[in-house]
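Listed below, chain by chain, are the residues.
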Amino acid sequence: GIQVEQSPPDLILQEGANSTLRCNFSDSVNNLQWFHQNPWGQLINLFYIPSGTKQNGRLSATTVATERYSLLYISSSQTTDSGVYFCAVGRTGNQFYFGTGTSLTVIP
Amino acid sequence: DAGITQSPRHKVTETGTPVTLRCHQTENHRYMYWYRQDPGHGLRLIHYSYGVKDTDKGEVSDGYSVSRSKTEDFLLTLESATSSQTSVYFCAISSDPFYGYTFGSGTRLTVV
């Protein structure tokens, strides 16, 4: 399988701060997605981003496929951003390999 | 919500018993997936389906079987539950896996 490493494993921020989460992967991929798991366990798809840059409100993501990494940026963090952020990669659409996640806590 | 429902939400079962988890969707999506989530491992794919009666194994399929007799239902069966199968199980659906998944709310299974 493909190895996926996410950093940092844990992150504590003051509300309003910015953060960058990183995802490194061990092989070439043509499918990469970011997910957020909220404190109640619900998983939400944030971005499909096998390459390039996308933005959605305060969140944006960049994938440099040739260098095998992706970054998720969170600006002006809010308490509702708390939870675990997962990066998932794959060569096909059906076999995804997930990282172990970055646990984010935003303090008011 | 997103038209995907998992049942039961919680289950406690004894070692050696068979267990079936159900994933039901109302989106008419072609692709359905079963994942398990364990501390330190993220999510790992168990089995997936790309159509009625079309299924394939994922990364951690040993001890699990699946069936999809109609588009809306994808069943995961633990043939003889073991304590190592204590986990949170997530179902996901997709119309095109290259454009994103929708996950169910999860089933917390405890094998004692």
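Before any of the text, the structure's been laid out above.
In this convention, every chain numbers its residues from 1, walking through the sequence in written order. The order in which chains are written sets their letters, starting at A; the order in which ligands are written sets their numbers, starting at 1. In view of the model being predicted, local features appear only for residues whose pLDDT reaches at least 70, and side-chain atom pairs are presented and counted only at 80 or more, with totals across whole chains, interfaces and linings using the full set of residues. With hydrogens and water stripped out, all remaining heavy atoms of the structure feed into the side-chain values.

### Regarding the sheet that holds strand β7 (residues 64–70) of chain B
Residue and element names in this part refer to chain B.
- Paired strands, in this sense, are two strands between which DSSP finds at least two bridges. What counts as a helix is a DSSP run of H or I of at least four residues, what counts as a strand is a run of E of at least two, and both are numbered from the N terminus. The strand order β1-β3-β8-β7 describes an open sheet built from four strands, whose pairing is antiparallel. Whereas interior strands pair on both sides, the edge strands pair on one side only; in this sheet they are β1 (4–7) and β7. Strand-to-strand twist across the sheet, computed as the mean angle between neighbouring axes with direction ignored, equals 20 degrees.
- Sheet topology places β7 next to strand β8 (residues 73–78); five bridges connect them, and they run antiparallel. The axes used here are C-alpha line fits, helices contributing only the stretch in contact, and every angle between their N-to-C directions lies in the interval 0 to 180 degrees.

### Looking at the interface of chain B and chain A
- The contact rule is simple, with two residues in contact once any of their heavy atoms fall within 4.5 Å. Across the contact, 22 residues belong to chain B and 21 residues belong to chain A.
- For this analysis, a polar contact is any N or O atom pair within 3.5 Å, provided that within protein one partner can donate a hydrogen and the other can accept it, and provided that sequence-adjacent residues contribute only side-chain to side-chain pairs. Applying the counting rule to chain B against chain A returns five residue pairs in polar contact (both at pLDDT 80 or more).
- Within the residue set of the side of chain B that touches chain A, elements represented by two or more residues are β4 (31–38) and β5 (42–51) of chain B.

### Here's the deal with the sheet that holds strand β3 (residues 19–25) of chain A
All names here are of chain A.
- With antiparallel pairing, the five strands of this open sheet are ordered in space as β1-β3-β8-β7-β6. Two strands in the sheet have a free side with no partner beyond their single neighbour: β1 (4–7) and β6 (52–56). With strand direction ignored, the average angle separating the axes of adjacent strands in the sheet is 15 degrees.
- Where β1 lies against β3, four bridges are found, and the strand directions are antiparallel. Residue pairing across strands places Val4 opposite Phe25, the latter belonging to β3.

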